[in-house]
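Chain by chain, the residues:
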Amino acid sequence: MSRSLKKFLIWLSVIIILLILFLFTGPFYVVNEGSQVVVTRFRTIVSTHTEAGLYIKIPFLDQVTTYPKMLLSIDGDAQRIPTKEKQYIVVDTTARWKITDPEKFYQSFQTLDNSYNKLSSIIDTATRTIITQNRLSEIVRSSNIINEIKTEEAVAQDVDNEEIGVLVNGEANNEIVSKGRDQLCKEMTVEANKLTPEYGIQVIDIVPRQIKYSDELTESVYSRMIKDRNQVAQAFRSYGEGQKASWLGKLESEKRAISSEAYRKAEEIKGQADAQAAAIYSDAYNKDPEFFNFWKSMESYKETLKGYDALYSTSMDYFDYLYSADGKR
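How each quantity is defined
Residues numbered from 1 in each chain as written. Predicted model: local features only at pLDDT ≥ 70, side-chain atom pairs only at ≥ 80, totals over all residues. Heavy atoms only, no water. Salt bridge = Lys/Arg side-chain N within 4 Å of Asp/Glu carboxyl O. Helix = DSSP H or I, 4+ residues; strand = E, 2+ residues; numbered from the N terminus. Buried < 20%, exposed > 50% of the residue type's maximum accessible area, 1.4 Å probe, protein only. Phe/Tyr/Trp six-rings, centres within 6.5 Å; stacked < 30°, edge-to-face > 60°. Pairing = 2+ DSSP bridges. Axes fitted to C-alpha atoms, helices over the stretch in contact; angles between N-to-C directions. Contact = heavy atoms within 4.5 Å. Parallel < 35°, antiparallel > 145°, perpendicular 65-115°, else oblique. Nonpolar A, V, L, I, M, F, W, Y, C, P; charged D, E, K, R; others polar.

1. Observations regarding the pattern of salt bridges
Phase 1: The final tally for this structure, using the stated rule, is 11 salt bridges.
Phase 2: Linking Arg-96 and Asp-205 is a salt bridge whose minimum nitrogen-to-oxygen distance equals 2.7 Å. Taken together, the residues span a long stretch of sequence, with Arg-96 in strand 8 (residues 88-99) and Asp-205 in strand 9 (residues 201-213) at a distance of 109 residues.
Phase 3: Of the residues examined, Arg-96 reaches a relative accessible area of 38% and is grouped as partly exposed.

Here it is as structure tokens:
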């Protein structure tokens, strides 16, 4: 073997060994789908990659920090916030966000865990700013549908429905919602995104998970609800009393009408009966006037003498039938 060939083989072996050592030190790294990386050298950013693929780095010198590219979520802290009317509510929010600039994010936080405190503070600040500028109704309601729903508490379906509706809703004054909770959530997101670009972050949306009344506001709401229900109950009572008076008036009127008609018919029947009795008496008298007089006298005695124990004078013609031997006058 010639000297030149031997020298070539030695160099080739050295190159192969160095190449193997280089490969063992991990000069390649993979950026997966849904990930993005920041490459630093001596804590200085040398490159960023947001597209999936195979990349190369300088072993031992370059450090690769991976961040998620997909949407992330963070829950804000429950905080007690005054509304525009100075009514306190407790708001608990959640938000979706993503890293839009890994270089700025690394410069600001380096790790995800370090970013949560700052992002939570930004979300809480945006939430407080928007809520304090708006009325309670704008925060708890999303539309004016409550103002469009007709009352279902009236039991009648005709004109009475309108009457009870006036009584029940006469003093109702539901506020008109011009924005609503959905619009306020968008405003919170816009407010938060005023502060996040310098950190390489974009807030996608902020949504209240829970809105609770404070203790003093809760008591006030309950008191108002009780007052409203009492008002509705009183309205139904008033309506019921009015209906009762109306029906009693109709009943009394119908009673008088029925009584009047019954009296008229009774008098008419009595008149007909008296006429028939007079006709019967007249026929009976014409058939046997003597017997008719006798019978009428007996009936008269029965009525007039039953209250007397003794009679001391019988000289009048009234008692002729009592003292006649043959029962005649």
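2. Quick notes on the packing of aromatic side chains
Phase 1: Following the criterion strictly, the structure yields six aromatic pairs and no others.
Phase 2: Here the aromatic rings of Tyr-29 and Tyr-55 are separated by 5.9 Å at their centres, their planes lie at 25°, and the arrangement is stacked. Residue Tyr-29 is found in strand 1 (residues 28-31), and its partner Tyr-55 is found in strand 4 (residues 53-56); the two are separated by 26 residues along the sequence.
Phase 3: The buried category is assigned to Tyr-29, whose relative accessible area is 9%.
Phase 4: With centroids separated by 5.0 Å and ring planes inclined at 80°, the aromatic side chains of Tyr-67 and Phe-105 adopt a geometry described as edge-to-face. Of this pair, Tyr-67 sits in strand 5 (residues 62-68) while Phe-105 sits in helix 2 (residues 102-108); the two residues are 38 residues apart in sequence, bridging distant segments of the chain.
Phase 5: A relative accessible area of 2% places Tyr-67 in the buried class.
Phase 6: We classify Phe-105 as buried; its relative accessible area is 0%.
Phase 7: One aromatic cluster in this structure is built from Tyr-67, Trp-97, Phe-105, Phe-109, Tyr-116 and Tyr-199.

3. Remarks on the sheet that holds strand 2 (residues 35-41)
Sheet strands pair by backbone hydrogen bonding; their relative direction is either parallel or antiparallel.
Phase 1: Strand order in this open sheet of three strands is 3-2-5, and the pairing throughout is antiparallel. The strands lining the two open edges of the sheet, one partner per strand, are strand 3 (44-49) and strand 5. Each neighbouring strand pair of the sheet contributes to a mean axis angle of 25°, computed without reference to strand direction.

4. Here we look at the environment of Pro-208
Phase 1: For Pro-208, the location among the structural elements is in strand 9.
Phase 2: The buried category is assigned to Pro-208, whose relative accessible area is 16%.
Phase 3: For Pro-208 and Val-140, which are 68 residues apart along the polypeptide, the C-alpha to C-alpha distance reads 9.9 Å.
Phase 4: Look past the residues within four positions of Pro-208 in its chain and what remains in contact with it is Val-91, Asp-92, Thr-93, Arg-181 and Cys-185.

5. Side note on the packing of helix 8 (residues 215-287) against helix 9 (residues 289-304)
Phase 1: Here helix 8 crosses helix 9 at 125°, and the two axes come no closer than 5 Å. Considering the angle they form, helix 8 stands oblique to helix 9. Taking contact as the criterion, the partners of Tyr-281, Ala-284, Tyr-285, Asn-286 and Lys-287 in helix 8 are, on helix 9, Pro-289, Phe-292 and Asn-293.
Phase 2: Partitioning the contact of helix 8 with helix 9 into residue classes produces five nonpolar, two polar and one charged.

6. Describing unusual backbone geometry
Glycine aside, the phi torsion of most residues is negative, and most peptide linkages are trans.
Phase 1: Positive phi is not limited to glycine here, since Arg-43 has a value of about 70°.
Phase 2: Here the phi dihedral of Gln-110 falls at roughly 70°; this positive angle occurs in a residue that is not glycine.
Phase 3: Under the relative-accessibility criterion, Gln-110 is labelled partly exposed at 36%.

7. Quick word on the side chain of Thr-189
Phase 1: Mapped onto the elements, Thr-189 comes out in helix 7 (residues 181-193).
Phase 2: Owing to a relative accessible area of 9%, Thr-189 belongs among the buried residues under this scheme.
Phase 3: Once residues within four sequence positions are removed from consideration, Thr-189 is found in contact with Val-203, Ile-204, Asp-205 and Ile-206.

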